[in-house]
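# Structural characterization, general
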Amino acid sequence: MAFQAVNIRKRIVQSLPENAVGNILGSYSVLIREKIELQSLVSSLRKGLQEFIKSWLEHFQRNDLLSAILGHVKEISGLPEQESTDFYNFSSWCKMPLYEADFGWGKPTWVAIPIKEPYNVSVIMDTRDGGGIEAWLCLSEEDIAFLEHDEELLTYATFNPSII
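To start, this report covers the structure provided alongside it. Remember, it's a predicted structure, so these values are computed and weren't measured experimentally.

Glancing now at the overall build of the protein chain. Secondary structure summary: the protein chain contains 5 helices and 5 strands in total. Counting from the amino terminus, the protein chain carries its helices and strands in the arrangement β-α-β-α-α-β-β-β-α-α. Put simply, the protein chain has 164 residues, and 24% of those count as buried. Put simply, of all contacts in the protein chain between residues at least 6 apart along the chain, 46% involve residues at least 24 apart.

In structure tokens:
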């Protein structure tokens, strides 16, 4: 089961200024019943995102967001038993101006993401200079050990880079 968080604000509320405070977030899920290639997973996630956005837009146009929220809760309550299903949570904080936040003591040197779930969580965000992507992965020790020795990944990624 793959979960993806979605920033709904930029898709349905054009009348709010970009710097308005508050979140309008949602999430959708894709259930994969057999082992698939990465391209197929990405395709399934994209299709799920399109369906999710279409549904939210229809509810928004009818001024019926409560039904969308209740439908999402009903969908989640019908998920498979947790013991028999691997859950993977994905989120992207890219294009969010996190490094522009200034609460009076200057812009941040580094932005960290608190993650509560112990495993199978992936969050990506822009680097401070905007020239790259940081990926925060919370995986089992076995999965991390595998990634740390993946030659193809290591040609593109650095594990635990300096924050300075």
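Moving on, we get to unusual backbone geometry. Phi is positive for K95, which is not a glycine, with a value near 70°. As for its position among the elements, K95 is in the loop between β3 (88-92) and β4 (121-126).

Within the largest apolar cluster, 10 residues are counted, these being A2, V6, I8, Y28, V30, L41, L45, F52, I53 and W56. Elements that contribute at least two residues to this core include exactly β1 (2-7), β2 (25-30) and α2 (38-61). Among the elements that make up this core, the one with the highest residue count is α2 (5 residues). Counting 6 residues, the second largest nonpolar core, distinct from the first, contains Y99, V121, V123 and M125.

Take the packing of aromatic side chains next. Counted under the stated rule, the structure contains 2 aromatic pairs. Between F103 and W105, the aromatic rings sit 6.1 Å apart at their centres with planes inclined by 35°, giving tilted as the arrangement. Here W110 and W136 contribute two aromatic rings whose centre-to-centre distance is 5.6 Å and whose plane-to-plane angle is 25°, an arrangement assigned as stacked. Of this pair, W110 sits in the loop between β3 and β4 while W136 is found in strand β5 (residues 133-138), placing the two residues 26 residues apart along the sequence.

Within the secondary structure, E134 sits in strand β5. As a buried residue without a salt bridge, E134 has its nearest oppositely charged side chain in R128, at a separation of 7.7 Å. Engagement of the side chain of E134 in a polar contact is seen with the side chain of W136, the distance being 3.2 Å. Other than its neighbours up to four places away in sequence, E134 contacts Y99, W110, V111, V123, I124, M125 and T127.

It is worth spelling out the environment of F87 at this point. Along the polypeptide, F87 turns up in the loop between α3 (65-77) and β3. Classification of F87 as buried rests on a relative accessible area of 16%. Measuring from C-alpha to C-alpha, the distance between F87 and L31 comes to 9.3 Å, with 56 residues separating the pair along the chain.

Before going further, it helps to examine the pattern of salt bridges. On inspection of all chains with the given rule, the structure shows 1 salt bridge. Residue E100 pairs with K107 through a salt bridge whose shortest N-O separation is 2.8 Å.

Each value, and the rule that gives it
Residues numbered from 1 in each chain as written. Predicted model: local features only at pLDDT ≥ 70, side-chain atom pairs only at ≥ 80, totals over all residues. Heavy atoms only, no water. Helix = DSSP H or I, 4+ residues; strand = E, 2+ residues; numbered from the N terminus. Buried < 20%, exposed > 50% of the residue type's maximum accessible area, 1.4 Å probe, protein only. Contact = heavy atoms within 4.5 Å. Core = buried A, V, L, I, M, F, W, Y, C linked by side-chain atoms within 4.5 Å. Phe/Tyr/Trp six-rings, centres within 6.5 Å; stacked < 30°, edge-to-face > 60°. Lys, Arg positive; Asp, Glu negative; His and termini not counted. Salt bridge = Lys/Arg side-chain N within 4 Å of Asp/Glu carboxyl O. Polar contact = N/O pair within 3.5 Å; in protein donor to acceptor, adjacent residues only side chain to side chain.

Keep in mind these values describe shape, not function.
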